[in-house]
Structure formats: structure tokens, C-alpha cells
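Breakdown of the fold
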Amino acid sequence: MSPSAVVWDSALLAYDMGEQHPFNPVRLHLTMRLATALGVLDDVPLLSPEPAGAKELYRAHSAEYLEAVQQAPMAGWDVGHGLGTEDNPVFTDMHDAASLVVGSTLLGARCIAEGRAQRAVSIAGGHHHAMHDRAAGFCIYNDCSVAISWLLEQGYDRIAYVDTDVHHGDGVQAAFVGDPRVLTVSLHQHPFTLFPGTGYSGEIGIGDGEGGAVNVPLPPNTGDAGWLRAFHAVVPSLLEAFRPQILVTQCGVDSHREDPLADLSLTVDGHRTIYRELRALAERWAEGRWLAVGGGGYQLMRVVPRSWTHLIATVLDHDVTPDAPVPAEWTELVRGMAPSAEVPPTMSDGADAGYSPWGDGLDDAVDAAIRDTRRAVFPLHGLDPDDPRD
Ligand SMILES: [Zn+2]
């Protein structure tokens, strides 16, 4: 059995909201080319997805919304459902393109559920803002929610979703907010300062699912050290308490310091460290099962390809060292597209991505966020919010 599955097909590049739109599929193309040039994908078969059908899409979306998406390219300007806006423009064959994204994440989930792989990665997925009845934040269909719903039907009843995108994973949280079988954890830039304006530490779930939504809103400019400090103060304890059977992670890289749409200050080295932590947590607390998807990331050439190459490499246990040179053929590819681009020479930003653990008596703005989140949800999981050992 191959321990890891990589889902990819160039047909996924059809999810294209236009040349001027930040969600440009060139980032996926450049990632796959970089991973290939570095040898990360040597002897790794790429699994080609089928579009998700209506039966699967109904897991996360209403019939009226599906109809609206299918009709939108022919329907003129007033289609509603968040479509035809600056964020979510209507584009040719958008239903097919968005269905294929969902199919990719589902294929990864299927490989794991059927025992064909322990881990799977689909960088085209991670459309975490899409809601039951509307498009939002560049996302048409929510592949994360569909895949989690499908996994529930296969008998998984403890699924942990961890979202490291700079934006709150609001669509996934909304889909499972009352369901005690799904734990959603999102670390993101503070909602007061960024779309979608939700993800406060007090959003903890409802009813039987109380404690099942966890939010860590981080102040603008938080860097690798603060982000990793918050992650370690919140996520491992919750996973230990929840004991998921599978870890699903949305790995958006718009938390990078060069990202044009947000204001956190992580580096490629920080991203690489996050993936290694997620892998270790899946091994330790999720029976080794890890489904990783992409997400946001709008520094198309300098950041996304390197960060997601590290993601794919980590999933495959083909880890790339930070000082690995970026292959010349890839640099030429980028320069051919953008002659003035400053292509980074290595797979690192030169950051050390270290952090000091929470509980050392400091109390800066990141620590305040950590404290608020722990106090809001830790008692609901039998954990002590004020004890750094938890
Ligand atoms: Zn994002």
C-alpha cells in the first residue's frame, strides 16, 4: 500500500476567476512544476479526480444554490447567492470546475477511507468559505465540508478539522457547528481586521456540539513564533482529548508576510514547520490518517509554490530541506511568465521558525488570544485552561 496519495489533474486549472482575480490557478501549476523539478513526485502516481456529482454536493449545499451556479454563466447579472460579485465572479463552466475541486478532495478522503492510503493531499481544495446557500470568499462549493460529511457517512464519528489559512474557516464551522462528531479548529487573523469578520474565541459551537468549534484570532503582524506558540497552546491538547480517527487540514498559505490580502507575518519556513507538526499530530492522535487540502495564498510565485511543495513533500515523507536550491528550470519557467519576478534562490525564507511555548509568564497580544480561546473551550473538553501542561 502506498502510504500517501497525491490528487492532481491539470483540468483543475479551469477554476479560474479571471486574470485580474487574486485566486489565480497559476499558483497550482507552479506548485506542481516545482514539486516535480525537485523530485518530490518521483515515482508518485498522481490520482486524477472525477467531478463530484449532485448527490455529493447536496451534502453541503442546497438544490437552489446548485441550480444557480449551473445557470449563472447564462443567466445575466442578477443571480444572487453571492455570485457575480467582485469576490465571486461568474465564469464559464464554473459548476464543472468547482465540482472537480470537490471531487479531488473526495478522492483523497476515499483513498484513506478505503485503506488505499494513510494520507492524501489535494492542493486544489480548501474552499472553506463556501456556505450552504451561497458563494463566499472566492469559494463556490465547499470541498472540505462535502468530504467531512462523506467521511461521517463511512462511519467515522470523530473527525478533527484544523484550518491554518489566514482567514477564518467559517463555511466548515457553519456546516458542523452543532455536530459533536466534528471538531473544527481555526487559527486566523483577528476578525475585526479581516474577512470574513467571524472566528472570535467566543464562537464555540452550539447544543451537543458545544466546544466543537475552536477559534484562535491572532493579531495582525503575528509571525512564525507567535503563530506556533498559539498552535501548540491550543491544538495538541484538544486533539489528545478528542482522539480523532482522521485529521483534515486546510493549509492556506495567505498567512505569509508577503501575502497581498492579509497581515500576518509567517514565512515559508513557518509553513514547513506547521506541516511537520500536523503530520506528527496525525501520527500521534489520529491513527496516522491525514487529509490535507490547499486554500488561500495570493503571493503566486514567491510563496505558494514553495510552501505547498513543502506540504506535498511532508505528506509523502519526502521532506525538502530549507536550504535546497530552487531548480534552475523552475526559475526559468517563472521568469518566462513574469520577467521581473524576484525568484527566491532556495526553499527557505531564511527564518528559523522557532517559538517558545506558552505558559512562560509573558502576556502579549498573542497570549491574550491563547488565554481567551483556552478559557472558552478547554473546560468543555475536560482540560484546564490555565495549566500549561494541558
Ligand atoms: Zn484565506
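The rules behind each value
- Residues numbered from 1 in each chain as written.
- Predicted model: local features only at pLDDT ≥ 70, side-chain atom pairs only at ≥ 80, totals over all residues.
- Heavy atoms only, no water.
- UniProt positions renumbered as here; feature names shortened; annotations may be inferred.
- Buried < 20%, exposed > 50% of the residue type's maximum accessible area, 1.4 Å probe, protein only.
- Helix = DSSP H or I, 4+ residues; strand = E, 2+ residues; numbered from the N terminus.
- Salt bridge = Lys/Arg side-chain N within 4 Å of Asp/Glu carboxyl O.
- Pairing = 2+ DSSP bridges.
- Contact = heavy atoms within 4.5 Å.
- Axes fitted to C-alpha atoms, helices over the stretch in contact; angles between N-to-C directions.
- Phe/Tyr/Trp six-rings, centres within 6.5 Å; stacked < 30°, edge-to-face > 60°.
- Lys NZ or Arg CZ within 6 Å of the ring centre and 35° of its normal.
- 1 Å grid on protein atoms, 1.4 Å probe; cavity = no way out; pocket = protein on both sides within 12 Å on 5 of 7 lines; lining within 4 Å.
- Points joined across faces, edges and corners; volume = space filled by probe spheres on them.
- Nonpolar A, V, L, I, M, F, W, Y, C, P; charged D, E, K, R; others polar.
- Donors = N, O, S within 2.8 Å, 3.2 Å for Na, K, Ca; no water.

Looking at an unreviewed UniProt entry, one finds the protein chain named Acetoin utilization protein AcuC, with Prauserella alba as its source organism. According to UniProt, the comment filed for the protein chain under the heading Sequence similarities (unreviewed entry) is "Belongs to the histone deacetylase family." According to the UniProt record, the Pathway (unreviewed entry) comment for the protein chain is "Ketone degradation; acetoin degradation."

It is worth spelling out the pairing of strand S6 (residues 213–218) at this point. Across a regular strand the side chains alternate sides, sitting on one face of the sheet and then on the other. Counting buried residues along S6, 6 of its 6 residues qualify, which places the element largely inside the surrounding structure. Residue alternation in S6 divides its side chains into two sets, Ala213, Asn215 and Pro217 and Val214, Val216 and Leu218, and both sets are buried.

To continue, consider the pattern of salt bridges. One pass over the full model with this rule turns up 19 salt bridges. Salt bridges here are not isolated pairs; linked through shared partners, they connect Arg119, Arg276, Arg279, Glu283, Asp317 and Asp319.

Counting buried positions along strand S7 (residues 246–250) yields 5 of 5 residues, so the element is predominantly enclosed. Residues of S7 alternate between two faces, with Ile246, Val248 and Gln250 on one and Leu247 and Thr249 on the opposite face, all of them buried. Across 4 bridges, S7 lies against strand S8 (residues 290–293) in parallel orientation. If you follow valine 248 over to S8, its bridge partner there is leucine 291.

Attention now moves to the sheet that holds S7. Strand order in the open sheet formed by 8 strands is S2-S1-S3-S8-S7-S4-S5-S6, with parallel pairing between adjacent strands. Whereas interior strands pair on both sides, the edge strands pair on one side only; in this sheet they are strand S2 (46–47) and S6. Note: strand S1 (residues 4–7) against strand S3 (residues 119–122), 3 bridges, orientation parallel. If you follow valine 6 over to S3, its bridge partner there is valine 121. Strands strand S4 (159–163), strand S5 (182–189), S7 and S8 of the sheet are contacted by helix H5 (residues 143–153), whose axis makes an angle of about 165 degrees with S4.

By the definition in use, this model includes 7 aromatic pairs. For the pair phenylalanine 138 and tyrosine 298, a centre-to-centre distance of 5.6 Å together with 85 degrees between the ring planes defines the contact as edge-to-face. Here phenylalanine 138 is found in the loop between S3 and H5, whereas its partner tyrosine 298 is found in the loop between S8 and helix H9 (304–315), with 160 residues between them in sequence. Assigned by exposure class, phenylalanine 138 and tyrosine 298 land together as buried. Clustering of aromatic rings is evident, with ring pairs tying together Tyr15, Phe23, Phe91, Phe138 and Tyr298. The positively charged end of arginine 27 is found above the aromatic ring belonging to phenylalanine 23, 4.3 Å away from the centroid.

This part is about empty space enclosed by the protein. Following the criterion strictly, the structure yields 1 cavity of 30 Å³ or more and no others. In this structure, the largest cavity spans a volume of roughly 60 Å³. Lining the largest cavity are Leu12, Tyr15, Phe23, Asn24, Pro25, Arg27, Leu28, Val101, Ile123, Ala124 and His127. Its residues assigned to classes, the lining of the largest cavity shows 8 nonpolar, 2 polar and 1 charged.

A few words now on the side chain of aspartate 349. Position of aspartate 349 among the secondary structure elements: in the loop between helix H10 (328–337) and helix H11 (365–377). Contact partners of aspartate 349, with chain neighbours within four places excluded, come to His256, Arg257, Thr267, Val268, Asp269 and Arg306.

Looking now at the coordination of the zinc ion. The protein atoms that coordinate the zinc ion are Asp165 (OD), His167 (ND1) and Asp254 (OD), at distances of 1.9 to 2.1 Å. Of note, the zinc ion draws all its donor residues from one chain, in the sequence arrangement D-x1-H-x86-D. Here histidine 167 is found in the loop between S4 and helix H6 (170–176), whereas its partner aspartate 254 is found in the loop between S7 and helix H8 (268–285), with 87 residues between them in sequence. Per residue, the accessibility class of histidine 167 equals that of aspartate 254, and both read buried.

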